[in-house]
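# Structure at a glance
Read off the chains here:
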Amino acid sequence: MTNTQLTLVQIDNYGPWTVTPDPRREMDLQTLQSRLFADLAQFVGSRDGYAFFTRFDNMVAVTNGLDRDDHELLQESIANRYPVTLSLGIGVDRSPAVALERATDRIQRVGSAQDGDRREVLSGETLADADRSDTDLQIAHFDVNDATGKYTDRLNEFDTFIHIEQGYASLMRHLREEHGALSFFVGGDNIISVTPDLTEDQYRDAIDHVEAEADVELKVGVGTASNAHEAGFAAKHALEDCRHRGTTVEFADAAVETADD
Ligand SMILES: Nc1nc2c(ncn2[C@@H]2O[C@H](COP(=O)(O)OP(=O)(O)OP(=O)(O)O)[C@@H](O)[C@H]2O)c(=O)[nH]1
């Protein structure tokens with residue numbers, strides 16, 4: 001059985017900050033949000049986690065393997081270098097959706113995202129704290145078939161983006177509603193899902209659903225490991241297997257060596 005540890009990363013009081021004393025230049029906000037996500041991705045990634053930009057003011061990270069001290073260090077480092085601070089809520093569950101609900105509740109119970117007095121909440125129990133033995137998680141890496149030939153080389157970028165986004169919206173709703181899995185667009189034609197233990201048939205059903213609903217053809221590689229990087233890396237290898245075998249669903253061999261093994 002898998003267990004997912006998710007961290008909700010919420011910028012404290014960000015809405016009011018963006019318009020105080022006056023609305024700020026949009027590209028300055030885009031630069032701040034992008035750099036903050038990049039710092040989060042580098043911090044979490046260097047500890048074998050995954051981070052997703054989500055809505056930028058609220059980001060989701062898969063933090064299996066990170067403990068409370070890691071989270072405190074992230075808050076300290078951001079506070080030293082940015083005009084804003086972060087509140088972090090941590091949740092663990094076999095269902096990623098439930099883990100995120102728990103992480104979100106940890107922050108919401110302390111105050112609103114726009115509560116000027118709520119700063120740097122750090123709340124929730126990590127897998128390390130709980131000393132859980134079942135610490136594996138499952139990552140599914142989805143890719144649109146021949147996105148280059150079907151879209152990139154034939155359409156303008158915006159019309160391509162509409163097709164990719166329609167496929168993403170269909171997949172994210174299906175996996176959330178049917179399995180409590182959380183899916184994130186990660187650029188290009190790639191979607192990464194944090195899932196409970198799903199079967200090949202359940203992935204095939206999801207791919208069939210997206211093709212029927214959005215007319216977008218996907219393939220998926222699936223990996224399971226004790227942290228997001230190793231699970232995700234195994235999923236990428238399985239995605240390559242899809243390319244070589246002409247299949248739509250492949251599970252990584254448990255023994256897939258990651259590059260840094
Ligand atoms: N985030 C992320 N993006 C990727 C990854 N691999 C490829 N991409 C993105 O996906 C885009 C399309 O690359 P491919 O998926 O190889 O191209 P394709 O035409 O769909 O080819 P096939 O997937 O083999 O059918 C690239 O331009 C990248 O933006 C990855 O591992 N992670």
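Residues numbered from 1 in each chain as written. Predicted model: local features only at pLDDT ≥ 70, side-chain atom pairs only at ≥ 80, totals over all residues. Heavy atoms only, no water.

### Some points on the overall build of the chain
Along the backbone of the chain there are 9 helices and 10 strands. The C-alpha atoms of the chain give 19 Å as radius of gyration, which agrees with the globular expectation for 261 residues (18 Å, within 12%). By residue count, 50% of the 261 residues in the chain fall in the buried class. Contacts spanning at least 24 positions in sequence make up 69% of the contacts within the chain whose residues lie at least 6 apart. Roughly 12600 Å² of accessible area belongs to the chain as shown, and the carbon and sulfur atoms make up 46% of that amount. Taking the average location of the 23 positive side-chain charges in the chain and that of its 49 negative ones, the two points are 4 Å from each other. (Helix = DSSP H or I, 4+ residues; strand = E, 2+ residues; numbered from the N terminus. Rg over C-alpha atoms; globule rule 2.2 N^0.38 Å. Buried < 20%, exposed > 50% of the residue type's maximum accessible area, 1.4 Å probe, protein only. Contact = heavy atoms within 4.5 Å. Areas by Shrake-Rupley, 256 points an atom, 1.4 Å probe, with all protein chains shown as cover. Lys, Arg positive; Asp, Glu negative; His and termini not counted. Charge placed at Lys NZ, Arg CZ, Asp CG, Glu CD.)

### Here's the deal with the site of the ligand
Residues in contact with the ligand amount to 14 residues; listed here are only the nearest, Asp 143, Asp 146, Thr 148, Asp 189 and Arg 243. In this structure, Val 144 approaches the ligand through a main-chain N or O atom, which is 3.0 Å from an oxygen atom. The separation between an oxygen atom of the ligand and a polar side-chain atom of Asn 190 is 3.2 Å. Coverage of the ligand by the protein chains reaches 57% of its 630 Å² of free accessible surface. Of all the secondary-structure elements, those providing two or more residues to the shell around the ligand are β6 (137-144), α6 (147-152) and α9 (228-245). Ranked by the residues each element gives to the shell around the ligand, the list is headed by β6, at 3 residues. Looking at the shell around the ligand residue by residue, the class counts come to 3 nonpolar, 5 polar and 6 charged. (Near = heavy atom within 4 Å. Polar contact = N/O pair within 3.5 Å; in protein donor to acceptor, adjacent residues only side chain to side chain. Nonpolar A, V, L, I, M, F, W, Y, C, P; charged D, E, K, R; others polar.)

### Notes on the pattern of salt bridges
According to the stated counting rule, one finds 14 salt bridges in the structure shown. Of the charged contacts in the structure, one is a salt bridge between Asp 93 and Arg 102, with a shortest N-O distance of 2.9 Å. Owing to a relative accessible area of 43%, Arg 102 belongs among the partly exposed residues under this scheme. Lys 219 is the salt-bridge partner of Asp 143, the closest N and O atoms lying 2.8 Å from each other. Of this pair, Asp 143 sits in strand β6 while Lys 219 is found in strand β9 (residues 218-225), placing the two residues 76 residues apart along the sequence. Given a relative accessible area of 5%, Asp 143 falls into the buried group. Connected through salt bridges with shared partners, the residues Asp 143, Lys 219, Glu 240 and Arg 243 form a single ionic network. (Salt bridge = Lys/Arg side-chain N within 4 Å of Asp/Glu carboxyl O.)

### A word on empty space enclosed by the protein
Going through the model one piece at a time under the given rule, you end up with 1 cavity of 30 Å³ or more. Its volume calculated, the largest cavity comes out at about 40 Å³. Taken together, Thr 7, Val 9, Leu 40, Phe 43, Val 44, Ala 61, Thr 63, Leu 66, Asp 70, His 71 and Leu 74 make up the full set of residues lining the largest cavity. Listing elements by their share of the lining of the largest cavity, those giving two or more residues are β1 (4-11), α2 (26-45) and α3 (68-81). (1 Å grid on protein atoms, 1.4 Å probe; cavity = no way out; pocket = protein on both sides within 12 Å on 5 of 7 lines; lining within 4 Å. Points joined across faces, edges and corners; volume = space filled by probe spheres on them.)

### Quick notes on a nonpolar patch on the surface
Taken together, the side chains of Phe 158, Phe 161 and Ile 162 present a nonpolar region at the surface, about 290 Å² in accessible area. For Ile 162, the location among the structural elements is in helix α7 (residues 157-179). On the basis of relative accessibility, which here comes to 38%, the residue Ile 162 falls in the partly exposed class. (Patch = residues over 30% accessible without salt bridge, like charges linked within 9 Å, V, L, I, M, F, W, Y side chains within 5 Å.)

### Remarks on the domain arrangement of the chain
According to the domain assignment, the chain contains domain 1 (4-131) and domain 2 (137-251). Measuring from the centre of the C-alpha atoms in domain 1 to the corresponding centre in domain 2 gives 25 Å. With 17 residues of domain 1 at the contact, the number on the domain 2 side is 19 residues. Surface buried jointly by domain 1 and domain 2 totals about 1400 Å² across both partners, of which 73% is contributed by carbon and sulfur atoms. The largest per-residue losses of area from domain 1 upon contact with domain 2 belong to Asp 48, Tyr 50 and Phe 52, which jointly make up 41% of the total buried on that side. (Domains from an automatic or database assignment. Buried area = accessible area lost by both parts, 1.4 Å probe.)

### Section: the packing of α2 against α3
Direction vectors running N to C along α2 and α3 enclose 150 degrees, while the axes themselves pass 11 Å from each other. Relative to α3, the element α2 lies roughly antiparallel. Of the two elements, α2 crosses α3, and the hand of that crossing is right-handed. Side by side, α2 and α3 meet where Leu 36, Asp 39, Leu 40 and Phe 43 of the first sit next to Asp 70, Leu 73, Leu 74, Ile 78 and Arg 81 of the second. (Axes fitted to C-alpha atoms, helices over the stretch in contact; angles between N-to-C directions. Parallel < 35°, antiparallel > 145°, perpendicular 65-115°, else oblique. Left-handed = near helix turned anticlockwise from the far one by under 90°.)

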